[in-house]
Amino acid sequence: ARLHRAFENSDFTLQYQPQISTQDNTVIGVEALLRWTPADLPPVLPTEFIPILEETGLIVPVGTWVLHRACHQAVAWQQAGLPRMRLSVNISAVQFQRGDLGETVRMILAETGLDPALLCLELTESMLMIDTAHTRQKLQQLRDLGVSLSLDDFGAGYSSLAYLSRLPVQELKIDQSFVRRLHDTPSDTAVVNTVIAMAQELGLTLVAEGVETEVQKSHLIGRGCTIIQGFLFCKPLPPDQLALFVSRGKCDEP
Ligand code: C2E
Ligand code: MG
Ligand code: MG
């Protein structure tokens, strides 16, 4: 009930976390992340409220709002003179299965005027496990709009190598848990190295998220990972602070 009211009262906001190119240390993109700060309660974590949005089906309208808000913001940044940046938006499995995502994305691109080449949709493995012709057709419909597709949290679920080669995804985001455990044990390090090498062989972009230390960063760069996201560079920020970060190249404390 509170989430229903939050949506009606526009109590949701978005924060944006920079994605850094390791080649020249510039911000090449941002990931939009949903925030809920109820007036009468402490902020609730997305990992707590998003499953409820999914159970209640509210994720479909809220997800459409996220897409619209984020695309609009990306265009506003460009108009304010910020460099061209990619925008990544998380898509829930429920949104992918229930809503007409292709049509929603097409309309939002038309309304906001965002270049489709700048929009990247982050999908999770679980929604693609249902590897039917229908799933492939829906993904292709999104690709035909000119947006790119990324597999979020790769390696955390039942990663199937069969679908990786068949589905039209362009990017892998290695799951944070592997980055966090990098150097804990030789096998954790081996998993990270192997996922990076596999992405390279398959011609996919690899993004490492959850990077918190210089040691993790150097290891990833040494293995050829070119895009890094994590608290080491910057936390998710409100839009005005993100613009400052991009133009000044440093992170203001939230
Ligand atoms: P995700 O898509 O994998 O997003 C990355 C999460 O890692 C974000 O958590 C981000 O704040 C956090 N993170 C980034 N760098 C670091 C780091 O260096 N260390 C640590 N410990 N964490 C880091 P957040 O914002 O709490 O979101 C959690 C999850 O909620 C997201 O995981 C995503 O699955 C979901 N989510 C967030 N916003 C949306 C949305 O608009 N729609 C949908 N469907 N899901 C969303
Ligand atoms: Mg994500
Ligand atoms: Mg992730």
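Note that this is a predicted model, so its numbers are computed, not measured.

1. So, the coordination of the magnesium ion (ligand 3)
Inference 1: Taken together, the protein donors to the magnesium ion (ligand 3) comprise Asp-152 (OD), Asp-153 (OD) and Glu-209 (OE), at separations of 1.8 to 2.3 Å.
Inference 2: In this structure, the magnesium ion (ligand 3) lies 4.1 Å from the magnesium ion (ligand 2), and both are coordinated by Asp-152. Taken together, the positions of Asp-152 in strand β5 (residues 148-154) and Glu-209 in strand β7 (residues 205-209) put the pair 57 residues apart, joining distant regions of the chain. The same class applies to Asp-152 and to Glu-209, which are both buried.

2. Brief notes about the environment of Thr-22
Inference 1: Looking at where Thr-22 falls in the secondary structure, it is placed in the loop between β1 (12-21) and β2 (27-36).
Inference 2: Counting along the chain gives 205 residues from Thr-22 to Ile-227, while the straight-line C-alpha distance between them is 5.8 Å.
Inference 3: Not counting chain neighbours up to four residues away, the residues in contact with Thr-22 comprise Ile-221, Cys-225, Thr-226, Ile-227 and Ile-228.
Inference 4: Here the side chain of Thr-22 touches Cys-225 through a polar contact of 3.1 Å, landing on its backbone oxygen.

3. Focus: the state of the cysteines
Inference 1: Per the stated rule, a full pass over the model turns up zero disulfides.
Inference 2: With no disulfide partner, Cys-71 has as its closest neighbouring cysteine sulfur the one in Cys-120, 12 Å distant.
Inference 3: On the basis of relative accessible area, Cys-71 is assigned to the buried category, the value being 1%.
Inference 4: No disulfide involves Cys-225; its sulfur sits 14 Å from the nearest other cysteine sulfur, which is in Cys-120.

4. Quick word on the side chain of Gln-17
Inference 1: With respect to the secondary-structure elements, Gln-17 resides in strand β1.
Inference 2: In this structure the side chain of Gln-17 is engaged in a polar contact, spanning 3.0 Å, whose partner is the backbone oxygen of Cys-234.
Inference 3: Dropping the residues within four chain positions of it, Gln-17 is found in contact with Gly-29, Val-30, Glu-31, Leu-33, Gln-229, Gly-230, Phe-231, Cys-234, Lys-235 and Pro-236.

5. Points about the pairing of strand β4 (residues 119-124)
Note on strand geometry: in a regular strand, side chains alternate between the two faces of the sheet.
Inference 1: Burial within β4 is extensive, with five of its six residues counted as buried.
Inference 2: Bridge count between strand β3 (residues 86-90) and β4: four bridges; the pairing is parallel. Residue pairing for β4: Leu-87 is matched across the bridge by Leu-119.
Inference 3: Alignment of β4 against β5, held across five bridges, turns out to be parallel. The residue of β5 that forms the bridge with Thr-124 is Asp-152.

Analysis parameters
Along each chain, residues carry numbers from 1 onward, in the same order as the chain's sequence is written. Following the order in which they are written, the chains are lettered starting with A and the ligands numbered starting with 1. For this predicted model, a pLDDT threshold of at least 70 governs which residues receive local features, and a threshold of 80 or more governs which side-chain atom pairs are given and counted, while totals over whole chains, interfaces and linings are taken from all residues. By convention in this description, side-chain values take in all heavy atoms of the structure and omit both hydrogens and water. The donor set covers N, O and S atoms within 2.8 Å of the metal, switching to 3.2 Å for Na, K and Ca, and it leaves out water, so a site may look short of donors. By definition, any uninterrupted DSSP run of H or I lasting at least four residues is a helix, any uninterrupted run of E lasting at least two residues is a strand, and each is numbered from the N terminus. Categorising residues by exposure relies on relative accessible area from a 1.4 Å probe, with only protein chains included: less than 20% of the type maximum marks a residue as buried, more than 50% marks it as exposed, and the intermediate range marks it as partly exposed. It only takes one pair of heavy atoms within 4.5 Å for two residues to be counted as in contact. Throughout this description, a polar contact denotes any pair of N or O atoms lying within 3.5 Å of each other; where both atoms belong to protein, one of them has to be capable of donating a hydrogen while the other can accept it, and for residues adjacent in sequence the pair is counted only when both atoms sit in side chains. The criterion for a disulfide is a pair of cysteine sulfur atoms lying within 2.5 Å. Paired strands, as defined in this entry, are two strands with at least two bridges between them according to DSSP.

By themselves these figures say nothing about function.
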